[in-house]
Amino acid sequence: MEKSRMNLPKGPDTLCFDKDEFMKEDFDVDHFVSDCRKRVQLEELRDDLELYYKLLKTAMVELINKDYADFVNLSTNLSLRSSVSEGIRAVDERMSKQEDIRKKKMCVLRLIQVIRSVEKIEKILNSQSSKETSALEASSPLLTGQILERIATEFNQLQFHAVQSKGMPLLDKVRPRIAGITAMLQQSLEGLLLEGLQTSNVDIIRHCLRTYATIDKTRDAEALVGQVLVKPYIDEVIIEQFVQSHPNGLRIMYDKLLDFVPHHCRLLREVTGGAISSEKSNTVPGYDFLVNSVWPEIVQGLEEKLPSLFNPGNPDAFHEKYTISMDFVRRFEVQCGSQASVKRLRAHPAYHSFNNKWNLPVYFQIRFREIAGSLEAALTDVLEDAPAGSSYCLLASHRTWSCLRKCWSDEMFLPLLVHRLWKLTLQILARYSMFVSELFLRPISNESAKDVKKPLVTGSKDPSVTQGTNDNQGNGPSETKPVVFISSTHLVYVVADLDKLQEQLPELLETIKPKLEMIGFKNFSSISAALEDSQLSLSACMPSLSKKIIQDLSDSCFSYLKSALEVPRLYRRTNKEVPTKASSYVDSALKPFYQLQSEHKDKLKPAIIQQWLEGALSESTHKYYETVSDVLNSVKKMEESLKRLKQARKTTSPNPVGSSGGMSDDDKIRLQLALDVEHLGEQIQKMGLQASNIKSFPALIELVVAAKDQATAEQP
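Residues numbered from 1 in each chain as written. Predicted model: local features only at pLDDT ≥ 70, side-chain atom pairs only at ≥ 80, totals over all residues. Heavy atoms only, no water.

**Quick look at the overall build of the protein chain**
Phase 1 of the analysis: Within the protein chain, the regular secondary structure consists of 28 helices and two strands.
Phase 2 of the analysis: The 716 residues of the protein chain split such that 38% are buried.
Phase 3 of the analysis: By sequence separation, contacts in the protein chain at least 24 residues apart represent 76% of the contacts at least 6 residues apart.
Phase 4 of the analysis: Summed over all atoms, the accessible surface of the protein chain reaches about 41200 Å², with 53% contributed by carbon and sulfur. (Helix = DSSP H or I, 4+ residues; strand = E, 2+ residues; numbered from the N terminus. Buried < 20%, exposed > 50% of the residue type's maximum accessible area, 1.4 Å probe, protein only. Contact = heavy atoms within 4.5 Å. Areas by Shrake-Rupley, 256 points an atom, 1.4 Å probe, with all protein chains shown as cover.)

**What about the nonpolar core?**
Phase 1 of the analysis: Of all hydrophobic cores here, the largest spans 150 residues; its most connected members are Leu 193, Leu 209, Met 253, Tyr 254, Trp 295, Phe 332 and Trp 612.
Phase 2 of the analysis: With 13 residues, helix α21 (residues 488-517) is the largest single contributor of residues to this core.
Phase 3 of the analysis: Non-local contacts of Leu 193, meaning those with residues more than four positions away in its chain, are made with Ile 205, Cys 208, Leu 209, Tyr 212, Ala 221, Leu 224 and Val 225.
Phase 4 of the analysis: By size, the runner-up hydrophobic cluster in this structure holds eight residues, among which are Leu 15, Val 40, Leu 45 and Tyr 52. (Core = buried A, V, L, I, M, F, W, Y, C linked by side-chain atoms within 4.5 Å.)

**Section: a negative patch on the surface**
Phase 1 of the analysis: Negative charge collects at one region of the surface, where Glu 25, Asp 26, Asp 28 and Asp 30 lie side by side.
Phase 2 of the analysis: Inspection of the secondary structure puts Asp 26 in the loop between α1 (2-5) and α2 (29-37).
Phase 3 of the analysis: Assessed through its relative accessible area of 64%, Asp 26 is described here as exposed. (Patch = residues over 30% accessible without salt bridge, like charges linked within 9 Å, V, L, I, M, F, W, Y side chains within 5 Å. Salt bridge = Lys/Arg side-chain N within 4 Å of Asp/Glu carboxyl O. Lys, Arg positive; Asp, Glu negative; His and termini not counted. Charge placed at Lys NZ, Arg CZ, Asp CG, Glu CD.)

**A word on the side chain of Ser 546**
Phase 1 of the analysis: Among the structural elements, Ser 546 can be located in helix α23 (residues 542-561).
Phase 2 of the analysis: The exposure class of Ser 546 is buried, given its relative accessible area of 7%.
Phase 3 of the analysis: For Ser 546, the residues in contact, after removing those within four places along its chain, are Gln 611 and Trp 612.

**Brief notes about the environment of Ala 564**
Phase 1 of the analysis: Mapped onto the fold, Ala 564 is located in the loop between α23 and α24 (567-571).
Phase 2 of the analysis: The exposure class assigned to Ala 564 is buried, which follows from its relative accessible area of 0%.
Phase 3 of the analysis: As a C-alpha pair, Ala 564 and Asp 630 span 66 residues in sequence and 9.9 Å in three-dimensional space.
Phase 4 of the analysis: Contact partners of Ala 564, with chain neighbours within four places excluded, come to Tyr 585, Tyr 624, Thr 627, Val 631 and Leu 673.

**Concerning the pattern of salt bridges**
Phase 1 of the analysis: Within the structure shown, the criterion is met by 28 salt bridges.
Phase 2 of the analysis: Salt bridges here are not isolated pairs; linked through shared partners, they connect Asp 255, Asp 327, Arg 330 and Arg 331.

**Let's talk about helix α18 (residues 360-378)**
Phase 1 of the analysis: Relative to the 27 Å expected for 19 residues at 1.5 Å per residue, α18 spans 27 Å between its end C-alpha atoms, a close match to the ideal helical length.
Phase 2 of the analysis: Within α18, the full set of buried residues consists of Leu 360, Tyr 363, Phe 364, Ile 366, Arg 367, Ile 371, Leu 375 and Ala 378. Around the axis of α18, the buried residues are gathered within 160° of arc, so they sit on the same side. Every exposed residue of α18 that faces more than 90 degrees away from the buried side is listed here: Arg 369 and Ala 377.
Phase 3 of the analysis: The elements touched by buried residues of α18 are α15 (315-336), α19 (395-407) and α20 (418-439). (Expected span 1.5 Å × (residues − 1). Arc of directions from axis to C-beta.)

**Topic: the packing of helix α25 (residues 584-600) against helix α27 (residues 665-686)**
Phase 1 of the analysis: Where α25 contacts α27, the axes come no closer than 10 Å and their chain directions differ by 20°. Considering the angle they form, α25 stands roughly parallel to α27. Both α25 and α27 take part in a crossing whose hand is right-handed. Every residue of α27 that contacts α25 at Tyr 585, Val 586, Asp 587, Leu 590 and Tyr 594 is listed here: Leu 673, Asp 676, His 679, Leu 680, Gln 683 and Lys 686.
Phase 2 of the analysis: Counted by class, the contact of α25 with α27 contains six nonpolar, two polar and three charged residues. (Axes fitted to C-alpha atoms, helices over the stretch in contact; angles between N-to-C directions. Parallel < 35°, antiparallel > 145°, perpendicular 65-115°, else oblique. Left-handed = near helix turned anticlockwise from the far one by under 90°. Nonpolar A, V, L, I, M, F, W, Y, C, P; charged D, E, K, R; others polar.)

**Digging into unusual backbone geometry**
Phase 1 of the analysis: Positive phi values are uncommon outside glycine, yet Asn 575 reaches one of about 55°.
Phase 2 of the analysis: In this structure, Asn 575 sits in the loop between α24 and α25.
Phase 3 of the analysis: Residue classification places Asn 575 among the partly exposed positions, given a relative accessible area of 46%.

**Points about the packing of α21 against helix α22 (residues 524-539)**
Phase 1 of the analysis: Relative orientation of the contacting elements α21 and α22 amounts to 160°, with a least axis distance of 11 Å. Here α22 runs roughly antiparallel to α21, going by the angle between their axes. Note that α21 runs across α22; the crossing there is right-handed. Here Leu 498, Leu 501, Gln 502, Leu 505, Leu 509, Lys 513, Leu 516 and Glu 517 of α21 come into contact with α22, specifically with Phe 524, Ile 527, Ser 528, Leu 531, Gln 535, Leu 538 and Ser 539.
Phase 2 of the analysis: Here the contact of α21 with α22 is composed, by residue class, of nine nonpolar, four polar and two charged.

**A word on α21**
Owing to its 3.6 residues per turn, the α-helix aligns residues three or four sequence positions apart on the same side.
Phase 1 of the analysis: Under the 1.5 Å per step criterion, the end-to-end length of α21 is 44 Å for 30 residues, consistent within 8% with the ideal 44 Å.
Phase 2 of the analysis: The largest bend in α21 is about 30°, located at Leu 505, with the proline Pro 506 one to four residues further on. (Bend = angle between axes of the 7 residues up to and from the residue.)

**Section: the confidence of the model for the protein chain**
For residues with low pLDDT, the predicted coordinates do not support detailed interpretation.
Phase 1 of the analysis: Put simply, the protein chain has an average pLDDT of 80, and 79% of its residues get 70 or more.
Phase 2 of the analysis: Across residues 130-143 the pLDDT falls below 50, and counting only partners more than four positions away or on other chains, this stretch makes 17 contacts in the model.
Phase 3 of the analysis: The low-confidence segment residues 448-478 (pLDDT under 50) makes 33 contacts with residues lying over four places distant or belonging to another chain. (pLDDT = per-residue confidence, 0-100.)

**Considering the environment of Leu 505**
Phase 1 of the analysis: Inspection of the secondary structure assignment puts Leu 505 in helix α21.
Phase 2 of the analysis: Accessibility expressed as a relative area gives 1% for Leu 505, which makes it buried.
Phase 3 of the analysis: C-alpha separation for the pair Leu 505 and Leu 404, spaced 101 residues apart in sequence, amounts to 9.6 Å.

**So, the environment of Val 495**
Phase 1 of the analysis: Here Val 495 is to be found in helix α21.
Phase 2 of the analysis: Distance from Val 495 to Leu 545, taken between C-alpha atoms, is 7.0 Å for residues 50 residues apart in sequence.
Phase 3 of the analysis: Not counting residues within four places of it along the chain, the set of residues in contact with Val 495 comprises Met 542, Leu 545, Ile 549, Leu 604, Ile 608 and Trp 612.

**Quick word on the packing of aromatic side chains**
A ring pair, where both rings are aromatic, is described by two values, the distance of the centres and the angle of the planes.
Phase 1 of the analysis: Taken as a whole and judged by the stated rule, the model has 27 aromatic pairs.
Phase 2 of the analysis: Seen in terms of ring centroids, Trp 295 and Phe 332 are 5.1 Å apart; in terms of plane orientation they differ by 45°. Their pairing is tilted. Of this pair, Trp 295 sits in helix α14 (residues 289-305) while Phe 332 sits in helix α15, and the two are 37 residues apart along the sequence. We note that Trp 295, like Phe 332, is buried.
Phase 3 of the analysis: An aromatic cluster of three or more residues is present, and its members are Tyr 254, Trp 295, Phe 310, Phe 318, Tyr 322, Phe 328, Phe 332, Tyr 351, Phe 354, Trp 358 and Tyr 363.
Phase 4 of the analysis: The aromatic ring of Phe 242 is capped on one face by Lys 256, whose charged end is 5.3 Å from the ring centroid.
Phase 5 of the analysis: The ring of Tyr 571 carries Lys 576 above its face, with NZ or CZ at 5.2 Å from the centroid. (Phe/Tyr/Trp six-rings, centres within 6.5 Å; stacked < 30°, edge-to-face > 60°. Lys NZ or Arg CZ within 6 Å of the ring centre and 35° of its normal.)

**Describing the side chain of Ser 620**
Phase 1 of the analysis: With respect to the element layout, Ser 620 can be found in helix α26 (residues 606-649).
Phase 2 of the analysis: Setting aside chain neighbours within four positions, we find Ser 620 in contact with Ser 554, Cys 557, Phe 558 and Leu 561.

Structure below.
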């Protein structure tokens, strides 16, 4: 502050530094010299500093001459200030002594008040005990309560002054008398409170509780009620043998415990304001007997006399006992009567002790092993059919859905385990998705679904099942590994179940939402997003499965359609009749498609079946087109070769026609292929498909129509 008020004399403008730099609080000589050296040489800096030094000396002399009188009187002023300081110090010492005297006087007064309070209380007690019988016993309970209230008021003042006088020798001498008064007062209050409870005297109870509150012993009153009134009732009600032998014993026991409050705590609640009907003007605040008296005794009784209640070994029984117990807690909270009382109950150590007794993690682990074991038992190499009445085709899918529903069923769900159950739900879906992804890696067997019950064992020639690598090939001969096949029927079942499971996932979400609302969870968008991710994981398996099924259908179909290669052999030089109907191989080739439609129409959506039929027919028709094209080209080459041979011989050869007419063998072959393709188109139409949607089929029709026209055109 002083530095900011000082004004240094102004120097010439030619100075290489700013005079205000000297007044900065963080002024540093080294930094100042280093900064000036960047602008000028050290010699010039020295000259400027000497010039400014002379200006400062001149300014200081002028300042002294201007305020000369003040400088002369400086010593006088300093002497006067010293005298004033000594006077102030003397006053402070005197005031400190007076403050010390005042404190000692207050201590004496407090001790006097302590003695007076002790004597006054003892006088009241002596005046009552001077009679043949004590007034506390002979007088009416109400009068006794009033006397105790007077004593408690005086005792409260005694306690206050005793605390303020802590450490005083005189107080230590009076302490035995204070202890005697305390014991007598507490004993009298306990007897009076019990008498008021036994006689249902509201006034006595009110006086007694008010006295307890006056001496700040409300917890002692609540503990007394718990030991004398609550505990005997708890011991009579909580009987382990009854709970275990009676089919509904636990619920009956809890009902009896809840009956204690309205039957035995009514007066206490009316006096303390815990009942709805109690008048606020006559209530004694500061008590909560349900929280501090009843509930601790109930918890202690359950923990000591019914330890099997918290045993999680039997998960079904544990779930039932936990559910009934939590319902009891909820009903007990309703009896508390106010939100403040419920908050005190939930903050009570006995409340936390009761909740911690339930070993929910162990219960979940047992349930987890049940569900995981059941699921893994179904996700085996041998695919079994689902039980009758199931909406799924395979046992693996049926068990997956059953496990998902069991997680959120009322028989298993517990609100405090919702996070674990949700994780288990996602794990089940992920496990099923992995299982399905492994299925479409299996080779398809030629056996029916009923025959494929055991994994077939084959050599390790197939690289997909070879377990060894180049690194361990020298360790010994490679062992044969079982190759697990899958039937085409089971593949269809897998797709049907996948589609069904994806349809039912929204239903599962609707089942989960009410459970989440029970714990106050509202962020359903995150739950829906996680379930959608699982659904996408399942749907990602569909294209591969469909491709495998389409390939199998196509291979089965073309295994018959390639019989078109045998048509020339049937007509060449056999004198067979002119063909009038399609070959039998066409119907045989379409049998897998008709079988798919007839056997699985109730399991698959029509759109899926149509997709498979079109895909398989497109692939097989393309191969069929190439086969027919090759046959027709071969026939044409043969025909041209015979013509050239005929011209070379220049002789008349018998006409190579059948016995039924003049059509050549080559034309019969063309006509037969045309009939086969036309019949194929008709059957495609009967299956509900559009022939135009089948790739290569329009080109195939065009090919055989041209061949047919050629065959009929050569007829006379």
